[in-house]
Amino acid sequence: MTIQWFPGHMAKARRQVSESLKLVDIIFELVDARLPLSSRNPMIDEVIHQKPRLLVLNKQDMADEHETRRWIQYFADRGFKAVAINSLEGKGLQAVTKAAQEILADKWDRMRSKGMKPRAIRAMIVGIPNVGKSTLINRLAKKNLAKTGNTPGITKAQQWIKVGKEIELLDTPGILWPKFEDQEVGYKLALTGAIKDTITNMEDLAVYGLNFLALHYPNRMEERYKISSVSEELVETFDAIGKLRRVFGQGGEIDYDQVAVLIVRDIRDQHLGKLTFDFVSEQVEKEQLAEAIEIENEERRQKTAALRRQQKQETEQ
Ligand SMILES: Nc1nc2c(ncn2[C@@H]2O[C@H](COP(=O)(O)OP(=O)(O)OP(=O)(O)O)[C@@H](O)[C@H]2O)c(=O)[nH]1
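Within each chain, residue numbers correspond to sequence positions counted from 1 in written order. In keeping with the model being predicted, local features are shown solely for residues with a pLDDT of at least 70 and side-chain atom pairs are shown and tallied solely at 80 or more, while totals for entire chains, interfaces and linings include all residues. Excluding hydrogens and water, the side-chain values take into account all heavy atoms of the structure.

- If you check an unreviewed UniProt entry, the protein chain appears there as Ribosome biogenesis GTPase A from Solibacillus merdavium.
- UniProt positions are given in the numbering used here, feature names are shortened, and annotations may be inferred rather than shown by experiment. Recorded under Sequence similarities (unreviewed entry), the UniProt text for the protein chain is reproduced unchanged: "Belongs to the TRAFAC class YlqF/YawG GTPase family. MTG1 subfamily."
- In its Subcellular location (unreviewed entry) section, the UniProt entry covering the protein chain states "Cytoplasm".

### Quick word on helix 7 (residues 183–191)
Thinking step 1. Type-normalised accessible area, obtained with a 1.4 Å probe on protein chains alone, sets the label of each residue: buried when under 20%, exposed when over 50%, and partly exposed for intermediate values. Think of it this way: any DSSP run of H or I at least four residues long counts as a helix, any run of E at least two long counts as a strand, and we number them from the N terminus. Among the 9 residues of helix 7, 7 are classified as buried, and the element is accordingly described as predominantly covered.
Thinking step 2. Among the residues of helix 7, those classed as buried are Val 185, Gly 186, Tyr 187, Lys 188, Leu 189, Ala 190 and Leu 191.
Thinking step 3. Whether two residues are in contact is decided by their heavy atoms, any of which lying within 4.5 Å being enough. Structurally, helix 7 contributes buried residues whose contacts are with helix 8 (202–216) and helix 11 (256–268).

### A word on the side chain of Asp 64
Thinking step 1. Looking at the secondary structure, you find Asp 64 in the loop between strand 2 (53–58) and helix 3 (65–77).
Thinking step 2. Charge convention: Lys and Arg are scored as positive, Asp and Glu as negative, and His as well as the terminal groups of each chain are ignored. Note on definitions: salt bridges are taken to be side-chain nitrogens of Lys or Arg within 4 Å of carboxyl oxygens of Asp or Glu. Notably, Asp 64 is buried but unbridged: the nearest opposite-charge side chain belongs to Arg 220, and the N-O separation is 4.5 Å.
Thinking step 3. Looking at Asp 64, its side chain comes within polar contact range of the side chain of Tyr 217, at 2.8 Å.
Thinking step 4. With residues up to four places along the chain from it excluded, the contact list for Asp 64 reads Tyr 217, Arg 220, Lys 274, Leu 275 and Thr 276. Whenever two N or O atoms come within 3.5 Å, that pair is a polar contact, provided that in protein one can donate a hydrogen and the other can accept it, and provided that, for residues adjacent in sequence, both atoms are side-chain atoms.

### Side note on the UniProt feature "coiled-coil region" (unreviewed entry) in the protein chain
Thinking step 1. As recorded in UniProt, the sites labelled "coiled-coil region" (unreviewed entry) are residues 286–313.
Thinking step 2. End-to-end, the C-alpha atoms of residues 286–313 are 41 Å apart, and along that stretch the chain is 100% helix and 0% strand.

### Looking at the pattern of salt bridges
Think of it this way: side chains of opposite charge can pair up when their charged atoms draw near.
Thinking step 1. Tallied over the full model, the rule gives 18 salt bridges.
Thinking step 2. A salt bridge links Lys 274 to Glu 65; its shortest N-O distance comes to 3.6 Å. One end of the pair, Lys 274, is in the loop between helix 11 and helix 12 (280–316); the other, Glu 65, is in helix 3, with 209 residues separating them in the sequence.
Thinking step 3. Residue Asp 109 is joined to Arg 112 by a salt bridge in which the shortest nitrogen-to-oxygen separation is 3.0 Å. Placement of the pair is Asp 109 and Arg 112 together in helix 5 (residues 105–113), with a separation of 3 residues, close to one helical turn.
Thinking step 4. You can call Asp 109 partly exposed: its relative accessible area is 42%.
Thinking step 5. When its relative accessible area of 44% is taken as the criterion, Arg 112 is described as partly exposed.
Thinking step 6. Through salt bridges that share partners, Glu 29, Arg 40, Asp 45 and Arg 53 make up one connected network.

### Points about the packing of aromatic side chains
Thinking step 1. Aromatic rings from Phe, Tyr and Trp, with only the six-membered ring used for Trp, were paired whenever their centres fell within 6.5 Å, and each pair was classed as stacked if the ring planes differed by under 30 degrees, edge-to-face if by over 60, and tilted otherwise. A complete count under the given rule lists 9 aromatic pairs for this structure.
Thinking step 2. On the numbers, 5.3 Å between centres and 80° between planes, the contact of Tyr 74 with Phe 75 is edge-to-face.
Thinking step 3. Ring pairing ties together the aromatic residues Phe 212, Tyr 217, Phe 277 and Phe 279, which thus form one cluster.
Thinking step 4. Put simply, a charge is over a ring when the Lys NZ or the Arg CZ is close to the ring centre, within 6 Å, and near the line of the ring normal, within 35 degrees. In this structure, Arg 40 is placed above the aromatic ring of Phe 80, and the distance from its NZ or CZ to the ring centre is 6.0 Å.
Thinking step 5. Across from the ring centre of Trp 160, 5.8 Å away, lies the NZ or CZ of Arg 122, which sits over that ring.

As structure tokens, then:
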């Protein structure tokens with residue numbers, strides 16, 4: 001399965017985010033708690049530069065709680081504050097305000113020491129499509145619908161939403177497209193519904209989903225489909241699930257296309273429980289591997305350089 005991404009959209013989104021960047025004190029980078037890495041825009045660091053940022057893991061209600069805790073710690077260990085929220089039900093929103101205040105505490109202290117009056121923190125939400133940006137804005141806006149009006153001095157009028165006394169939020173979020181040249185990232189995004197089904201092959205997706213379940217959540221797969229592994233002969237697995245769930249075509253035969261759709265829906269609709277698709281343990285392993293390769297490369301470079309120096313000395317003598 002090849003999933004395309006959209007460079008045209010990306011360039012426009014980057015421009016839009018860059019333009020708004022100078023208006024805000026902090027970026028709320030919204031990601032899906034089920035895939036805190038795969039749902040990040042890989043160019044986000046380049047786009048937002050050194051702007052302070054809070055990582056907001058949304059849809060926490062759908063993610064594996066244990067893994068969400070591990071991700072928050074993972075980001076903290078790397079110097080990024082992260083909070084988990086559920087925008088749909090408005091859970092965890094206070095943690096967003098509190099974390100933003102903590103991140104900007106030094107800047108606010110400096111402002112106060114210069115005699116400046118404390119003002120509300122200005123923030124902007126950015127994230128990939130479908131991650132919950134509008135839901136969060138609406139949820140925050142509901143608390144206080146009063147908009148603070150346009151910011152003078154910019155051509156395009158920006159509306160600000162007051163969130164309590166502490167925060168003013170830009171009412172238009174920055175959309176950053178995911179980059180899914182990595183096929184696995186594409187599958188994960190598709191399984192959580194971030195990519196439209198029209199650009200994904202349902203059977204490939206279902207097979208990826210089953211293999212993922214067998215590896216990370218075997219008990220849940222067993223409970224739902226009464227199978228403990230994915231057979232090398234995929235037809236056998238699809239037959240077993242089709243029979244169990246009575247997915248038959250008109251002639252009474254198993255309808256494999258519909259079995260694939262059923263598996264994907266089951267995963268998306270949480271019939272296999274709260275699932276997380278990115279794992280801290282796998283990421284740390286990848287990072288350690290990359291580090292080990294870099295150390296090896298560096299040692300090799302040093303050895304080669306030493307050898308060259310020695311050869312040079314020998315020819316000079
Ligand atoms: N379960 C759950 N669903 C959520 C949550 N936040 C948003 N959603 C759902 O996710 C879907 C996408 O939410 P939107 O707010 O439209 O996402 P968006 O990022 O604004 O999407 P674009 O407009 O495509 O950029 C909707 O069906 C929301 O109801 C959440 O915290 N939990």
